[in-house]
Every structure is written in structure tokens, then in C-alpha cells.
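Breakdown of the fold
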Amino acid sequence: MDLRGWDERYRSNPANECVTPLLSHTVSALIPGRALDLACGAGRNALWLAAHGWQVTAADGSSAAIEILKARNPAIDARVADLENHEFTIGPDSWELIAILYYLQRDLFEPAKRGVVPGGIVIAIAHIPEPADPQITRFRLAPGELAAYFHDFEILHQYEGPSRDPAHKRWVAEIVARRP
């Protein structure tokens, strides 16, 4: 779907209010700091992080999604940025937490890894093929691919299989990785 399609989707459908369970579980054990939510959509995770004391920057290519997020919490640094066209730069050593949830852009993993401070956490969730449809696509990781991107990080959580997030029904790869 192109960005206009996402804008229309956000304008016509109510925003999902539920935080991603892996994010809330992981972050509950962390001291709040600076968090970056990439491909944030209308901000369900950014809003949750901000409510729990995090200083949040959120980026998404959909201007409609960012408008919704800004209206819901103006304190969040919400930015319209087409990630595929590299309109958002992840500064090195800038974040205690970077979340890339239900969005796959393979060339974001290395900048995200550099973007967290030593000891910082990257949480990523992306779709993988299901047994009934095993095709690898631009929008699906191969089994084991996500973990391979983080081979040089400490893996705190890794999972592949049916999503355990009520907001997502397809199969996923999940990782929580800490920068050494």
C-alpha cells in the first residue's frame, strides 16, 4: 500500500488503542528514557510509552496517522517521514529504546542498532511466511532472518510463529536485542 492508501486507512478506521504486548512486557522492566517508534502509525505504542514516562519521538509516512497522534498527545515529537525514502535519520547513540513493530524495511536494522546507546534495546516485529503460504516477499522475513540481523547484540527474546498480539493475526518474527 502506498502512503496515500495508509492516509485513507487512518482517516477511515478508528485507531487501535492497545499497546503491543511484547513492547509493554519488555519496557516494564526498563527505566524510562528516550524512545523512538518507527512506522508508528496512529501511535498506539508511542502513546503508551509517553504515558509511562518515556520521552518519545515517533515517525511515520502517513500524515493522517501523525495528525491523529499529535491530537492525542502533543508532547510526543511526532514526525511525518517516509522511511523508505530515508526522510528520517536515526542519529547514532541517541535512544535507550527503538521500536520497529509490524513494519519491515530491512535497511532500517543497521541504523537502529547504531541508534541505541550501549545497553539500549531494539524491539522488532515483522511478518514471516505462514505454513499455508510459505512465500518470502519484500514484506515478509525468511525464518531466522530477523535474528541474523542482530547476531552481534545480546538477544533477550526471540520468537517465530503465530502472533500473540490480539491486533495482529498473521505469523511474526519477534526480537528484543540489547546493544553490548
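Figured I'd write up the structure that's included with this text. (Residues numbered from 1 in each chain as written. Predicted model: local features only at pLDDT ≥ 70, side-chain atom pairs only at ≥ 80, totals over all residues. Heavy atoms only, no water.)

For the chain, the count of helices and strands is six helices and seven strands. In sequence order, the chain lays out its α and β elements as α-α-β-α-β-α-β-β-α-β-α-β-β. The C-alpha radius of gyration of the chain comes to 15 Å, within 12% of the 16 Å expected for a compact globule of 180 residues. Dimensions of the chain, computed from the C-alpha atoms along their principal axes, are close to 40 × 40 × 30 Å. (Helix = DSSP H or I, 4+ residues; strand = E, 2+ residues; numbered from the N terminus. Rg over C-alpha atoms; globule rule 2.2 N^0.38 Å.)

Let us look at the sheet that holds strand β4 (residues 95-101). The seven strands are arranged β3-β2-β1-β4-β5-β7-β6 in an open sheet whose pairing can be described as mixed. If you trace the sheet from one side to the other, it starts and ends with β3 (77-80) and β6 (154-162), each paired once. With strand direction ignored, the average angle separating the axes of adjacent strands in the sheet is 10 degrees. Strands β2 (55-60) and β3 of the sheet are contacted by helix α4 (residues 63-72), whose axis makes an angle of about 165 degrees with β3. (Pairing = 2+ DSSP bridges. Axes fitted to C-alpha atoms, helices over the stretch in contact; angles between N-to-C directions. Contact = heavy atoms within 4.5 Å.)

If you look at the biggest cluster of nonpolar residues, it comprises 29 residues, and the most contacted ones within it are L38, F88, I90, I98, I100, L146 and F150. Mapped onto this core, the elements with two or more residues apiece are β1 (34-38), β4, α5 (109-115), β5 (116-127), α6 (145-149) and β7 (171-178). The element best represented in this core is β5, accounting for four residues. Once you skip the residues sitting within four places of it in the chain, I100 turns out to touch L38, L108, F109, A112, I123, A124 and I125. Core analysis: the next-biggest nonpolar cluster, separate from the first, contains 27 residues, L22, L97, A99 and Y159 among them. (Core = buried A, V, L, I, M, F, W, Y, C linked by side-chain atoms within 4.5 Å. Buried < 20%, exposed > 50% of the residue type's maximum accessible area, 1.4 Å probe, protein only.)

It is worth spelling out the side chain of T20 at this point. Within the secondary structure layout, T20 lies in the loop between α1 (3-12) and α2 (21-27). We classify T20 as buried; its relative accessible area is 0%. Filtering out sequence-adjacent residues up to four positions away, T20 remains in contact with R44, N45, L101, Y102, I125 and D165.

All right, on to unusual backbone geometry then. Unusually for a residue other than glycine, D93 sits at a positive phi of about 50 degrees. Phi at Y102 takes a positive value of approximately 60 degrees, unusual for a residue other than glycine. Relative to the elements of secondary structure, Y102 occurs in the loop between β4 and α5.

Our focus in this paragraph is the pattern of salt bridges. One pass over the full model with this rule turns up eleven salt bridges. When the shortest N-O distance is used, the salt bridge between K113 and D152 registers 2.7 Å. Of this pair, K113 sits in helix α5 while D152 sits in the loop between α6 and β6; the two residues are 39 residues apart in sequence, bridging distant segments of the chain. The class of K113 is buried, set by a relative accessible area of 4%. With its nearest N and O atoms 3.3 Å apart, the salt bridge here joins E154 to R178. (Salt bridge = Lys/Arg side-chain N within 4 Å of Asp/Glu carboxyl O.)

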